[in-house]
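Chain residues, written in single-letter form:
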Amino acid sequence: MSLQLIVGPPNSGRAGEILTRLRAALDRDPLLVVPTGDDIARFERDLCADGHAAIGATIRTFGSLTDEIALATAADVPPPLTAPQRLALVRAATAATPLRLLSRSARSTGFASALDLLIGELQAALVSPADLRAASVAAEGGELELEIAGLYGAYESLRDGAGRSDAGSAAVRAAAALRATPGAWGKRPVFVYGFDDLTESQLELLELLAAGADVTVAVNYADRKALAARATLLARLRDEFGAVTVADLGFDPDYTRQRSLRHIDRQLFEAGVETVPPDDGLQLLESAGSRGEAEAVGLEIGRLLDAGVEPHDIVVALRRPSVDGPLFAAVLRELGVPAALEAELPLSATAVGRSLIALCRAAGDDGEPGDLLAHLRADPSVAPGAVDWLERAVARREAGSVEELAGRWETPPVHLSRIQEAGGPSARVLALAGAARRVAEAVHAETAPLAGERPNGTPLAPVELRAGVAAAELLEELALVGALPDCPEPDLADAEEALEAAGVRAWRGSSEGRVRILSPYRVRAGQARYLFCAAMQEGVFPGRGAIDPLLGEESRARLGISALRRQEQSDEERYLFHVCASRPVDRLYLSWRSSDEDGHPAARSPFVDEVLDLIGSDPEAAEKALKRTRTLAQAVPSAREATTPRALARAVTLGTGRDGERGREALSALGVDLAVTGDVLALTSGIPDPGAKPGPLSNPRVLAAMKERRLLSANSLEGWIQCSYQWFVDHELAPQRLEPEADPLWLGGMVHAALDRLYAKPPGEDAIPRPGDVRAWKARFNELLDAVVDESESPRTPDRRLGLARLRIQVEGFLDAEAEGTTVLRPRADLLERGFGFGEEDADDPGELRLGEFALRGRIDRIDVEPGGNRAVLRDYKTSKAVPGVRTIANEGKLQLQLYMLVVRERLGLDPIGGLYQPLGAYGDKRPRGMVRRSECGDDGLFRGLDISVKGDALDDEEFEDALEGARARAIGNGERMRAGDITRDPLGGVCSEYCTFQPICRLERALGLDEETKNGE
Ligand code: SF4
């Protein structure tokens, strides 16, 4: 019996030759070995392609071949370790091995996973711990390699001590059993197809099998630069293992009708070759941005499907499908194209994975509130609104630990509670496993969603359910590790590391009827009619190759073990690109990005130029002829390209010209009506007009409730005048801010309360501070401020403490200034913080100020009155640095002072001679400003002796009265608009306040602005 070779380049019929030979051997129980489960499914289909069941053939992966050999030879192979158990043993081995050079990195997350991978590679290369130790000792400066050998040996000791096996030890035992009983396998023929490389362990098994049976290996090789990466395998099989070539297959030029594809397959990477004219077999796609590229590919696929091509005849090849594939899959899904992403995604890339990893951290000793928030945010079963409240508490420093945060919830987060209540490390890991299933399933609880349906508004994402199952199984296996000898019980840190290292298949099941998105390694197993080789960027394809974090290339060279040397990466990348270029039968698409989403240039892969060098006499002309370009300006597909009603609506809304017209016709057929005014296209039914302005309010119940409002405040009216839409959002929608309440508001409240108490019970003889007692006033103020702050339930942050200290100084300055004044005016104790319009709440309430159909209510800080008379000045404390004078009061739509002076006159029976804002926070000029009667500003007027700035703030009696009545009329007009729900975007003076942050709600494009809107006729 012998080791036989079928040798041939791509498109030479190697798969067909293997199948022919397999069929011919059906009476001898043949076994075909292929790389993956998908390859098994494909060969099973091909075997039965002629309509006859192929009974007698077995198709397996290499792992299963080891099992078959062990079974045939009755090899003593202990039960296998699962992946998490193996990882746990690696961790235990690391903890038990004294390390020097690796001691730091051994403590880092990911070390165990990297070591686990390396041990797997060493086992496949048949390098034992003793071999590695000996090579390390022999190598100059091999201390680090020696430590790795120690770790490797410690792991194998733990594995053997636990009475378990792994892939490496199972292969060694199977090989030993086969060597001891060569006849046990019998004459059962073995065929091997689809492997680019074979490990030492695999070669050893094939050699032993070939001693008693025919073993036929198909090798993808011809003497070409593109296939150089496979030359070593062929040479070894021939020279070291004595394999004989039984079929040397030639290139089959009839595999395609496209001359360009044939030429690319034969001549890619060869020097000094002829060129062929461009034809329909090659298409280039240049796009701007990752999403733009995915959409360009998706739209081309849409055209192919529209032309009758079956989805499974189309393949998208990506060098990094785990990284770039999710975007392509998502875009195809949005375009209504069925797709299967054949890639393993990190578990941490799923919502379930992220939620569990964050839960591990939150429940651990070093858990932080942010971890719990991340867990809840990624748990689709938790209402985002509830998490917003928790995040608000964290942002406001109201919860500084996981316990404090969880305690704010009526029923603390269930998964966290279960883990915290679990008795011991393994129980915690099991509780986490339970959470994995529930997090994945809870969002669909009590529904029976089918793929793609949205029974409760949440789309069914099968990958999330698979992630839940994968995580649960992994954690359940991990929880058992403590039962293995010398293995500590795993806890949450181990679980976190295991979850971080785990992956989940993005797609499972048959890809029949779907566009496949996959890596070049998976592409090589079969042909496709149309192949898109996408994400052709410099640094991506050709890639730079993975660097082993533990055993780098220098270490491998130093050790001198040939089985550990790696392929030349450039050969491997050329081989993989040739795989992609040689698989399509009808057309090859090469797609790349010319820039990122922000327009920064991105370099395309040099492989594109390698292809263009084979096409046409002038590569630039060929590129121009074959290339389609999609720029950043093409943000949405055109109406012609749209594959769904939604995409069509977007295209029509933004599209112009012929495209827009076509789209309108198509939308009309879908029952969506359109109205065209000049160049402006509006959707009048079916789809909401995205350009519509908000307001006025139209809901009858809301309008009725607005009309019922009888009592308004000056503050509210002033807010309305600033911008009615800003008022609506701030006052009515009242969005809760995550960040703490604005400190000036809180500080203002504290100072107002302290000043009210101070003047209500003066610490001296007079109602205001005098030079002789101002120190007592200041001391009393500070006591009162401490008292009101103590009574406040809001937290005292460092910022607030600083603000309070500053305000103490400022108020003391105000008291000093007041003590210096010689005014005869005195605050009336019964008019401090005087509320009006609150009704029965206050027996002394003077009543509301009538303003037509509604009334005003409010609270006046302080009213100073002349001794024995009724002339009065209204005082309002502001903690700001500057306060408005009379001109600003008019220009900025301020009403408070004027309306309060009307209250003073009409409800309190006093004669208002002025209203003043007191700028407590001012650094320079601390004098109050507002509006006063000029007639009281003279030497015999009541403002004498009061240190006020009257420059420009004094009004003649008539102007003064006009100001009060003007404010009344303005208040009535705006109050009525408010009560009628007449909200719109109407910032005062046409300019939005720089502090307004509601653009996302009022949908005003800041860049466009109100002026532009007006210009456009709105
Ligand atoms: S952004 Fe301008 S228009 Fe919009 S609510 Fe604020 S102030 Fe009003």
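Residues numbered from 1 in each chain as written. Predicted model: local features only at pLDDT ≥ 70, side-chain atom pairs only at ≥ 80, totals over all residues. Heavy atoms only, no water.

Chemist: Can you walk me through the overall build of the protein in this structure?
Modeler: When you go through the protein residue by residue, the secondary structure sums to 39 helices and 28 strands. Taking all 1018 residues of the protein together, the buried fraction comes to 49%. A separation of at least 24 residues holds for 74% of the contacts in the protein among residues at least 6 apart in sequence. In the structure as shown, the protein presents an accessible area of about 46800 Å², 50% of it carried by carbon and sulfur atoms. (Helix = DSSP H or I, 4+ residues; strand = E, 2+ residues; numbered from the N terminus. Buried < 20%, exposed > 50% of the residue type's maximum accessible area, 1.4 Å probe, protein only. Contact = heavy atoms within 4.5 Å. Areas by Shrake-Rupley, 256 points an atom, 1.4 Å probe, with all protein chains shown as cover.)

Chemist: Explanation requested: the sheet that holds strand β21 (residues 849-851) in the structure shown.
Modeler: Strand pairing in a sheet relies on backbone hydrogen bonds. The paired strands run either parallel or antiparallel. Reading across from one edge, β18-β22-β21 is the order of the 3 strands in this open sheet, with mixed pairing throughout. Edge positions in the sheet fall to β18 (711-712) and β21, since each has one partner strand and no second. Contacting β21 and β22 (854-856), helix α36 (residues 896-906) crosses the sheet at an angle of about 120° to β21. (Pairing = 2+ DSSP bridges. Axes fitted to C-alpha atoms, helices over the stretch in contact; angles between N-to-C directions.)

Chemist: What is the right way to look at unusual backbone geometry in this model?
Modeler: Comment: phi is negative for the bulk of residues other than glycine, and the bulk of peptide bonds are trans. A cis amide bond, omega 10°, links F541 with the succeeding residue P542. The residue P542 is located in the loop between β13 (528-533) and α23 (553-559) in this model. For A535, which is not glycine, the phi torsion reads 55° and is therefore positive. Within the secondary structure, A535 sits in the loop between β13 and α23. The residue E833 is not glycine, and still its phi comes out positive at about 50°. By the element assignment, E833 lies in the loop between β19 (826-827) and β20 (834-836).

Chemist: How do you make sense of the packing of aromatic side chains when you look at a structure like this?
Modeler: Aromatic ring pairs: the centre-centre distance and the angle between the two ring planes describe each pair. All chains considered together, the criterion is met by 14 aromatic pairs. Taken together, a centroid distance of 5.4 Å and an interplanar angle of 75° make the contact between F62 and F195 edge-to-face. A residue pair is termed long-range when its members are at least 10 positions apart, and F62 in helix α3 (residues 62-73) and F195 in the loop between β4 (190-192) and α9 (200-210) qualify at 133 residues. On the basis of an interplanar angle of 70° and a centroid distance of 5.2 Å, the ring pair of W720 and W727 is categorised as edge-to-face. For the pair formed by W720 and W727, the shared burial category is buried. Cluster of aromatic residues (ring-pair linked, three or more members): F269, F541, F577 and F607. Directly above the aromatic system of F541 lies the positively charged group of R319, at a separation of 6.0 Å from the ring centroid. (Phe/Tyr/Trp six-rings, centres within 6.5 Å; stacked < 30°, edge-to-face > 60°. Lys NZ or Arg CZ within 6 Å of the ring centre and 35° of its normal.)

Chemist: What is the right way to read the site of the ligand from this model?
Modeler: C723, Q726, R985, P987, C992, C996, Q999, C1002 and L1004 make up every residue found near the ligand. The residue inventory of the shell around the ligand, partitioned by class, reads 6 nonpolar, 2 polar and 1 charged. (Near = heavy atom within 4 Å. Nonpolar A, V, L, I, M, F, W, Y, C, P; charged D, E, K, R; others polar.)

Chemist: Looking at this structure, I do not really get the sheet that holds strand β2 (residues 31-33). What am I missing?
Modeler: A sheet is described by the order of its strands in space; here 6 strands give the open sequence β3-β2-β4-β5-β1-β6, paired in parallel fashion. The strands lining the two open edges of the sheet, one partner per strand, are β3 (58-60) and β6 (244-248). Averaged over all pairs of adjacent strands, the angle between their axes in this sheet comes to 20°, without regard to strand direction. Sheet strands touched by helix α2 (residues 37-47): β2 and β3. Its angle to β3, the strand with the most contacts, is close to 160°. Seen against the sheet, α9 touches β1 (3-8), β4 and β5 (215-220) and runs at an angle of roughly 140° to β5.

Chemist: Is there a simple way to explain the pairing of strand β27 (residues 929-933) in this structure?
Modeler: Every regular strand shows the same layout, with side chains that alternate between the two sheet faces. With 4 of 5 residues buried, β27 lies mostly within the body of the structure. Judged from the 4 bridges that link them, strand β26 (residues 911-919) and β27 form a sheet pairing that is antiparallel. Among the inter-strand pairings, G915 is bridged to a residue of β27, identified as M931. Pairing of β27 with strand β28 (residues 954-955), which is carried by 2 bridges, proceeds in the parallel orientation. When the sheet's bridge partners are listed, V932 is paired in β28 with A954.

Chemist: What am I meant to see in the side chain of D571 here?
Modeler: By the secondary structure assignment, D571 is in helix α24 (residues 569-582). Among the residues examined, D571 registers a relative accessible area of 18% and is labelled buried. Discounting residues that sit within four places of it in the chain, D571 has contacts with A228 and A229.

Chemist: Explain the packing of helix α8 (residues 167-180) against α9 here, please?
Modeler: Packed helices, taken two at a time, are described by their axes: the angle between them and the distance between them. Two numbers describe how α8 lies on α9: the axes approach to 10 Å, and their chain directions differ by 20°. Looking at the two axes, α8 sits roughly parallel to α9. Regarding α8 and α9, the two cross each other, and that crossing is left-handed. Residues A171, A175, L178 and R179 of α8 touch α9, and the partners they reach there are S201, E204, L205, L208 and L209. In the contact of α8 with α9, the residues fall into 6 nonpolar, 1 polar and 2 charged. (Parallel < 35°, antiparallel > 145°, perpendicular 65-115°, else oblique. Left-handed = near helix turned anticlockwise from the far one by under 90°.)

Chemist: Teacher, can you tell me more about helix α1 (residues 14-24) here?
Modeler: The periodicity of an α-helix, 3.6 residues per turn, causes residues three or four places apart in sequence to face the same way. When we look at burial in α1, the residues that qualify are R14, I18, L19 and L22. Buried residues along α1 cover an arc of 135° about the axis, so they all sit on one side. For α1, the secondary structure elements touched by its buried residues are β1, β2, α2, β4 and β5. (Arc of directions from axis to C-beta.)

Chemist: Can you walk me through the nonpolar core in this structure?
Modeler: Most often, soluble globular proteins have nonpolar side chains that are buried together. By size, the foremost hydrophobic cluster in this structure holds 79 residues, and its most contacted members are L432, L475 and L499. One finds L31, F251, L284 and L588 within the second-largest nonpolar core, a separate group that totals 71 residues. (Core = buried A, V, L, I, M, F, W, Y, C linked by side-chain atoms within 4.5 Å.)

Chemist: Looking at this model, I keep getting lost on the side chain of S605. Mind explaining?
Modeler: Among the secondary structure elements, S605 is positioned in the loop between β14 (584-595) and α25 (606-612). A residue is classified by how much of its surface remains accessible, and S605, at 0% relative accessible area, is buried. Not counting the four nearest positions on each side in its chain, S605 is found in contact with M536, Q537, E538, F541 and P542.

Chemist: When you look at the environment of A362 in this model, what are you seeing that I'm missing?
Modeler: Counting through the fold element by element, A362 comes out in helix α14 (residues 351-363). According to the relative accessible area criterion, A362 is buried, its value standing at 3%. Spatially, the C-alpha atoms of A362 and V402 are 6.7 Å apart, while their sequence positions differ by 40 residues. Apart from the residues within four sequence positions on either side, A362 is in contact with G367, D371, L372, V402 and L416.

Chemist: Where do I start with the pattern of salt bridges in this structure?
Modeler: A side chain with one charge may pair with a side chain of the opposite charge, provided their charged atoms come close. Under the criterion given, the structure shown has 67 salt bridges. In this structure, the salt-bridge partner of D956 is R934, at a minimum N-O distance of 2.8 Å. Taken as a pair, D956 in the loop between β28 and α37 (957-979) and R934 in the loop between β27 and β28 lie far apart in primary sequence, 22 residues in all. On the basis of relative accessibility, which here comes to 44%, the residue R934 falls in the partly exposed class. Two residues, R977 and D986, come together in a salt bridge whose shortest N-O distance is 3.0 Å. According to the relative accessible area criterion, D986 is partly exposed, its value standing at 22%. Among the charged side chains, a network of salt bridges with common partners joins R86, D116, E156, R159, D160 and D166. (Salt bridge = Lys/Arg side-chain N within 4 Å of Asp/Glu carboxyl O.)

Chemist: Sorry, what's going on with the packing of α3 against α9 here?
Modeler: Here α3 crosses α9 at 45°, and the two axes come no closer than 12 Å. Of the possible angle classes, the one that applies to α3 and α9 is oblique. Between α3 and α9 the crossing geometry is left-handed. Listed contacts from α9 to F62, L65, T66 and I69 of α3 are Q202, L205, L206 and L209. Broken down by class, the residue content of the contact of α3 with α9 amounts to 6 nonpolar, 2 polar and no charged.

Chemist: I keep staring at the confidence of the model for the protein and nothing clicks. Help me out?
Modeler: Detailed conclusions should not be drawn from predicted coordinates in areas where pLDDT is low. Summing up the model confidence of the protein, the mean pLDDT is 86 and the portion of residues at 70 or higher is 90%. Every residue in residues 675-688 is under pLDDT 50, and counting partners more than four places away or in other chains gives 28 contacts. (pLDDT = per-residue confidence, 0-100.)

Chemist: Teacher, can you tell me more about the state of the cysteines here?
Modeler: Two cysteines whose sulfur atoms are joined by a covalent bond form what is called a disulfide. On inspection of all chains with the given rule, the structure shows 0 disulfides. Of the cysteine sulfurs around C580, a residue in no disulfide, the closest is that of C533, at 4.1 Å. (Disulfide = S-S within 2.5 Å.)

Chemist: What am I meant to see in the environment of G13 here?
Modeler: The topology assignment puts G13 in the loop between β1 and α1. You can call G13 partly exposed: its relative accessible area is 42%. When the C-alpha atoms of G13 and G250 are compared, they prove to be 8.4 Å apart, with 237 residues separating the residues in sequence.

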